[in-house]
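Report on the structure
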Amino acid sequence: MDAELERTLRLAVAHRQFSDSLDAEFSPDPPALQLPYLGQSRIPDISLLQLRQHVPAASSSDTEEVLRIRQHIQQMDATTLARLEARLQPEEIMREYLTLPQLQQATVLEDEPPDVHHAWSYPPLDFEMVLERDPFNRNPAAWREIDTNGMEMNSRNSADFRREPTQPGENYLFGSVTQMPFVPGGMESAFSEIDRFALPSQEMLEEGREYLKNFDKLPQCPPEFADNEEFFFNASESAFAKLPFINGLNDLLSEKELDLLKKWQAVQPVTGANKVADERLWKDMRSLLELAGYGEIYSELFADDELDGLDGSHSALRISSATDLKNIKSWAVKVDVGIPIPDFAAKMPNMAHKYPFELDIFQKQAVLHLENHDSVFVAAHTSAGKTVVAEYAIALSLRAKTRCVYTSPIKALSNQKYRDFKSTFHDVGLLTGDVQIEPNSHCLVMTTEILRSMLYRGSEIVRDLDWVIFDEVHYVNDAERGVVWEEILIMLPAQVGIVMLSATVPNAMEFADWIGRIKQRKIYVISTTKRPVPLEHHLFVCVGSKTIDKDLVIVSTRGEMLTKNHSEAVGIQKEYEKKNNIKMGLSLSERLPPKQDKTVWLAFMDFVQQKELMPVIAFVFSRNRCDQLGDMLSSLDLTSQSEKHTIVTFFRKATSRLNESDRKLPQILRLEYYLERGVGVHHSGILPIMKEAVEMLFQQGLVKILLATETFAMGVNMPARSVVFDSIRKHDGTEFRDLHPGEYIQMSGRAGRRGLDKTGTVYILCKMARIPDSSKLNHMILGVPMKLHSQFRLTYGMILQLLRIGTISIMDVMKRSFSEHSNASRNPEQEEQLAQLIGQANQMVELECAVCKADIGNYCRTFDNCRALRKKLNTVLLSPDNRLLAPGRVVTTNADIHRPPSAGIIVSAPSRTPQSERYFRVLEFSGLEVGSVVADVRRLACGEIHQVMNATVKAETERIMSEAEAAKTSNKAKKSFQEVIEKVASQISGLKKLEPLSPNKDFKLTDMQFIEQWEEMLALESTLNYFDCRKCPDFYKHVEQEKHRLDIVDQIAQLRHLLSNDSLRFLPEYQQRLDVLHRLQYVLPDLSITVRGRVACEISTTEHDLLMAECVFHNIFTDRQPAEIVALLSGLVFQGKVDAEIVLPPGLSDGVEAMRSVALEIGQAQREAGMKEAVSYVADAMNFGLAEVVWQWCLGMPFVEITGLTEVQEGIIVRTMTRLDEVCRDVKAAAKVTGNSRLMSKMEEAQKALKRDIAFVGSLYTTD
C-alpha cells in the first residue's frame, strides 16, 4: 500500500476511535452538547485536492452506501474540488463554534485524546469567512466571505476587530484620539467594507481598473485544468456577474464603468443552472468528507438542513433561516421568575462560580441566560441579591479568559466593589480618574466616564471585552451624567454581553427594548418585586414624652395601608396641638428649635435601644444637618469597651497614613469621638478616607446609628436592622418637595439584613406630632417608582469625537438615543404604511376635468389653511364665557371641503374647566327643507364651530337634548324629536340678513393682533370664490377626489419626514452647535476637524471642553505659574456654593477676567448660531469659589490651614482636588497636540504640587 494512503487510513481510523470515545464521555442531555469534534478542536485541516488523492481503495467490507460514495468521488473533477476548496474554511468554523456556551458545560476528558492535528496542513487563503448570527435567536445565520488579500488594518484606519493590535502602553489601555473605535453593535452597516480596511493606494485602484477592463483577455483557468475550460469559463462568468457585490468595487470602477456593469448584469438570463451546480457541489463536498470520515463534523454544524436550502449566492453559506428583523415587535423578553427551576443543577453541572447558598429563582434565570451569552436586565429591590448576577458574569469572563468590565456611577462605589470582587476572584483591577491598579486584569472595575472614553478612543481592552456590567442603571435618570450611560450602550461592540442591574422600575421592558433595538439582540428582563426581608413601615409620633410618644405601623409587611393607625396618629396630633395651644398646626418642613430636636432624637434612640433595633441608618437630607445630629447624639454611648477598643485601633490604623498635621483636623478628631460612641456620619462633605472608615466599621456592626445622606443608599450592600427618616421632604436644588416613591424605596430598602432579621423596620419620625397626610404616605410608600427617562444631550465633545471618527454619523447616534426610542420603534410600521400609501398613490386616476385641473389643487390647500386658521382663532374667541353664546344662538359648523357649512343652534354652553378645552352642545342640521329636515345633537369644540351668527331662535334646549338621546333607542321618541327640530328649522329658515358676529364690535375684543389675524383670515377665505374650479358643475365631487389624493400625498410626506433625520429631536441643536464649531474654527466645511478640534477631543473630564480648549489657544495658561493655572482651572470643576464674597489675588483676578472674556466669546457665537442661552451663560457657569484654596494648596500650605480659608467642607475640597488632577492631565495632552512644550512641563509641575498629603491618600478599599 502507498505510504501516503496508509497514513491517511490510519488517521481516519484514529479519528473514528477518537469520535467514539468522546461520544461515550459526553453527557447525553441535552443533545446540543454532542459536539465532540468541535469541543476538542479536532477538524480536518487538509486541502480537498489532497484529500481526494488519498481516498482509500475499495475493500470487501464496504457497504453499498460507501461504494456509492466512492464511485461518486471518483467522478469528481479537479475543478469542482478547487471551487469547494475556496468556499470551505474549517478553521473559521472552529473559531466560531468553540465559543458556544454549551461547550463550557461539557464534561472534560481525563485522558488526552490522540493528536491528529500535526499531520494536516492548512491551505493558503486570501479571504476569511465571517459567521453572521441571527441577532434574535442567536442561531448561526450565514457565512460571509471577506477578501483580506493585501489589506493592512490598524487602529488609525480601521474599526474592525481584525486590525493590528496597538502596542502595549498608555494608548493600549485608554486608547487615543488618533485611534478608531471598534464597530459599535447594531451600527455595522454604517461601516462600509472599505472603511474596515486600509484604504487602497491610487496605484492599486488604477491596477484594479485595468484588470477589470481587460478581464475578457485573461486566461479562464489554470494550465493544469485546461481540460475543464468550459466549466471554468461558466464559473468565471457567474463570478463576474456578481462583481458589483465584491467588497470595495465602487472604489475600483469609475461611475461610468460601474453603471455599464450593472446594466450588463441586469440583462443576464435567469436560469436554474447555478442552483443545480450549487447542489452538485455541496453533494460532492459532503460525499468527500463522509468518505474520509469527517461527515459527522458537518452533520453537527448543519443538523437542521444538512447543507440543503442554499440560495444561489456564492458570497455566503446559509446555515439557518434568519429572523426578519423588521418584523420583530419587541426586543425585550420578560422572564417569568415565578416558575421554579427544579432541574437547575442538571442544567448547570459545571457552574463558572459556586455559591454556598441556594440561589433564588431570579438569580437562577439570570445564570442560565448568562451561560447562553444573553444580555439581561435585572431589576430587583435593594439587597435582593443582584450582585450574584454580576459575579457570575465575571466568573464566565475569567473562565473564558476574556475581559469583563464592572462600571458604576460613582468612584466610591467602584472602590468598594473592587475590594469585594478582589476578595472573590483575585484577578481584578481598578481604573478610576486618579487610580490604576492591575489594569491588565481580566476583570476591571471602573467608572462610566472611563469606559466611555475607552470606547471612543479605541482602547485595546475593548477587543477582548466579553461582558459589561452596569450597576445602578436607574442612575441613567441623573440629569448631569445620565447621558454617559446612553453613549456607552450605543458604542458597545456587538460581541459584548450586557448585564444591567437596577432597582425596580416600571418601564424596564421599554428600556430593554430600546437596548435590544439599537444592539439588534434580545434583552431578557428579569424583574422581581419580592424582598428577601419584608419591610414594615412605622410612624414614630414623638414629642419627647413617654406618655405621648407612640410607635404606629402604617404599612404592614403585606403592603397594606393601615388607615386606622394613621387616624390614631392624627388624633394624637390634635390632642397635642390643643394641649399646647397650637392653632395653625405645624409645618412638615419647618425645623424644630435645637433643644426640642435633640429631645426628640434622644427619645427615639432610647426607644431603639429598648426594642433592640440597632444598627439603624438615619437618612438626613442635608450635610450640615448630619453634622448637627452627630453633635446632638454624641452624648450617647452605644458601644461596649471591647467595641471601643476595636474602633479606636482601626481608626488610628486608617489615619496612620496621614501626616501629623492632617491627623489633627477638626473633622477627623470629631469623627473619632463619634465613632467611639457608636455614632457615624456619612456625606459628601466628609473626607473620602473617613467615609471609607465609617463604611467599614458599619459593615462590622460597630456603628450603631449612621447619619447619612441618600447617596449612602446607592450600590454597596450595607443593610441595617432598621431605617429612620429625619424628614420626608428634601430640597432638590430647586425647591422643597416630598420624596418620590423611587427615592423612598431605595433608602428604605436598606432595612433588613438577610439571614439575620425576619423583617426590616422603617420609621418616619413625626416630630412634635407632625403627621404627614395619608395620601402622601400612600403615594410615597406604595407608589410606583420613577420611570427611566432619557437624559441624552449633545455636547461639543461628543460631536467632535464623532466627527473625528468619521465612520459614525452623529445622526446615527441621535437615532439610537433612548429619547428617540418611541419614534424609532414605530419605524417598521411606518415603513409598511408608507409602502401601502405609495401603492395607493400609484393606482389613483388623475383628474380629467379641464375646468378643475388648473387650480383645484391650490384651492384645496387654501381651504385647509383657512380652516386651520379659523379653528385657531375661534378657540381663542369662544373659550371665555359670553352672553352671546347662550342656548338658542344660531351658528354654523365647520364645512368639509366637499360640502358647505351646516346651520345649527347652541343647546348647551357649559363653562370651560381649568386646563381643558371648552365644548358646546349644538343641534346641527343636515338639511332645512320642509319635509326633509335632518338634525342631530353634537358635542363640538370651539374650533369646530365655523361662525356665530347675529340671530337666536326660541327652542326648548333641554327637551332637545333629552329627546335626541331617547331617539337613539325609541321610535316614539324619534317622532317627537322630529317635530321639535322641524320647528327649530322653520325658525332658522325664516331668518333674514343672517350675518356672522364681529370679534371687536360684538364680542368687544380689543387685542389688535387678534383683530389683524381675523381680518387676514376673512381676506383669505374670500379668495376661495375666485378659483376657476368653482365654476365646474361637478365641483364638490371633483374636489373630494382631489382632497383624497392630496391627503395621501401629505401622509406620504409626513411618513417620509418621520423616517428621515429631519424628525430627530436634537437635530436643530446639533446644527446650532455645529455652526458654533464652524465659527470658532474647530470644524471645516467638509466636517473634518481642525487642530483645535483635536485639542478639544483630548478634554473629556469637564463639560467645559470648548472653553478649556479656547483658553489653551488664547494662551491664558502658558505664561502663568503652575499653582495659578490649577487655581484658574478650579473654576471649571468646583460645583459647591460659597456664601462669602470671593476675593482673589491680582494674578488670579487677571486670569479669571481673561477666562470670562473667552467664555463671553463662546456665548456670543452660540447666540449668533441661534442657541437660546444667554451670552453670559458659559461665563456664569464658572465657579472660582475654591480658586484661592487650590492656589495656596499648590504653594504648599498644610490642609489644616487650608480649611480655615473657606467654609466649604473638607470632603468637597478633596473631591475638587482629585477632579483637578484629571483636568490637568487633559490640559497636558492638549498642549502636546499643539506642541506647547512649556505648558506641558508646567502642567506636570502642577500635578506634582497638587497630588500630595490627605487630598490624594490611597483608598482603604484598595490598600491592605
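It should be emphasised that the depicted structure is a prediction, and the values quoted were computed from it without experimental measurement.

Reading the values: rules and limits
Residues numbered from 1 in each chain as written. Predicted model: local features only at pLDDT ≥ 70, side-chain atom pairs only at ≥ 80, totals over all residues. Heavy atoms only, no water. Helix = DSSP H or I, 4+ residues; strand = E, 2+ residues; numbered from the N terminus. Contact = heavy atoms within 4.5 Å. Phe/Tyr/Trp six-rings, centres within 6.5 Å; stacked < 30°, edge-to-face > 60°. Buried < 20%, exposed > 50% of the residue type's maximum accessible area, 1.4 Å probe, protein only. Lys NZ or Arg CZ within 6 Å of the ring centre and 35° of its normal. Lys, Arg positive; Asp, Glu negative; His and termini not counted. Salt bridge = Lys/Arg side-chain N within 4 Å of Asp/Glu carboxyl O. Polar contact = N/O pair within 3.5 Å; in protein donor to acceptor, adjacent residues only side chain to side chain. Axes fitted to C-alpha atoms, helices over the stretch in contact; angles between N-to-C directions. Parallel < 35°, antiparallel > 145°, perpendicular 65-115°, else oblique. Pairing = 2+ DSSP bridges. Left-handed = near helix turned anticlockwise from the far one by under 90°.

You can see Met696 is positioned in helix 29 (residues 688–699). Not counting residues within four places of it along the chain, the set of residues in contact with Met696 comprises Arg419, Phe650, Leu1260 and Tyr1261.

Counted according to the given criterion, the structure contains 24 aromatic pairs. On the basis of an interplanar angle of 75° and a centroid distance of 5.3 Å, the ring pair of Phe540 and Phe604 is categorised as edge-to-face. Within this pair, whereas Phe540 is found in strand 13 (residues 535–542), its partner Phe604 is found in helix 24 (residues 594–611), the two being separated by 64 residues in sequence. The pair formed by Phe540 and Phe604 is uniform in burial state, with each residue classed as buried. Ring geometry for Phe792 against Phe1066: centres 5.3 Å apart, planes inclined by 70°, an arrangement best described as edge-to-face. Taken together, the residues Phe792 in the loop between helix 31 (774–782) and helix 32 (796–805) and Phe1066 in the loop between helix 40 (1035–1059) and helix 41 (1067–1079) connect sequence positions 274 residues apart. Comparing Phe792 with Phe1066, the two get one shared label, buried. Following the ring pairs from residue to residue traces out a cluster consisting of Phe540, Trp601, Phe604, Phe607 and Tyr763. One Lys or Arg, Arg1092, reaches over the ring of Phe1113 and ends 4.6 Å from the middle of that ring.

Moving on, we get to the side chain of Arg163. The residue Arg163 is located in the loop between strand 2 (140–147) and helix 8 (170–174) in this model. In this structure Arg163 is buried but unpaired, with Glu460 as the nearest side chain of opposite charge at 4.1 Å. Not counting residues within four places of it along the chain, the set of residues in contact with Arg163 comprises Met153, Asn154, Ser155, Ser158, Met180, Pro181, Phe182, Gly458, Glu460 and Arg463.

What follows covers the side chain of Thr1090. Examined against the element boundaries, Thr1090 turns out to sit in the loop between helix 41 and helix 42 (1091–1097). Look at Thr1090 and you get buried, because its relative accessible area is 18%. A polar contact is formed between the side chain of Thr1090 and the backbone oxygen of Gln1081, at a distance of 2.7 Å. Setting aside its immediate chain neighbours within four residues, Thr1090 contacts Gln1081, Tyr1082, Val1083 and Leu1084.

Let us look at the pattern of salt bridges. Enumeration according to the criterion identifies 50 salt bridges in this entry. Across the salt bridge formed by Asp360 and Arg754, the nearest N and O atoms sit 2.7 Å from each other. Here the residue Asp360 occupies a position in the loop between helix 16 (344–347) and helix 17 (361–371), and Arg754 occupies one in the loop between helix 30 (741–748) and strand 21 (760–767), the gap between them amounting to 394 residues. A residue is classified by how much of its surface remains accessible, and Asp360, at 25% relative accessible area, is partly exposed. Several salt bridges share partner residues, and in doing so they unite Glu710, Lys730, Asp732, Arg737 and Glu743 into one network.

We now examine the packing of helix 36 (residues 856–878) against helix 40. Running from amino to carboxyl end, helix 36 crosses helix 40 at an angle of 75°, the nearest separation of the two axes being 9 Å. One element, helix 36, and the other, helix 40, form an angle in the roughly perpendicular class. Together, Ile856, Gly857, Tyr859, Cys860, Arg861 and Asp864 of helix 36 and Phe1035, His1038, Val1039, Glu1042, Lys1043, Leu1046 and Asp1050 of helix 40 make up the contact between the two elements.

In a beta sheet, neighbouring strands pair by backbone hydrogen bonds and run either parallel or antiparallel. Strand order in this open sheet of 7 strands is 14-13-21-18-15-17-16, and the pairing throughout is mixed. Among the strands making up the open sheet, the edge pair consists of strand 14 (550–555) and strand 16 (679–682). This sheet shows a mean twist of 25° between the axes of neighbouring strands, independent of strand direction. With 4 bridges connecting them, strand 15 (residues 616–619) and strand 17 (residues 705–708) associate as parallel partners. Looking at strand 17, one finds that Phe619 is bridged to Ala708. Across the face of the sheet, helix 25 (residues 623–633) comes into contact with strand 16, strand 17 and strand 21 while running at roughly 155° to strand 17.

Two elements in contact, helix 36 and helix 39 (residues 1008–1022), have axes whose closest approach is 10 Å; the angle formed by their N-to-C orientations is 150°. The orientation of helix 36 relative to helix 39 falls into the category roughly antiparallel. For helix 36 against helix 39, the interelement crossing comes out left-handed. Only Phe1010, Gln1013, Trp1014, Met1017, Leu1018, Leu1020 and Glu1021 of helix 39 make contact with helix 36, whose side of the interface consists of Thr862, Asn865, Cys866, Leu869, Arg870, Lys872, Leu873, Asn874, Val876 and Leu877.

This is a description of form; function is not addressed.
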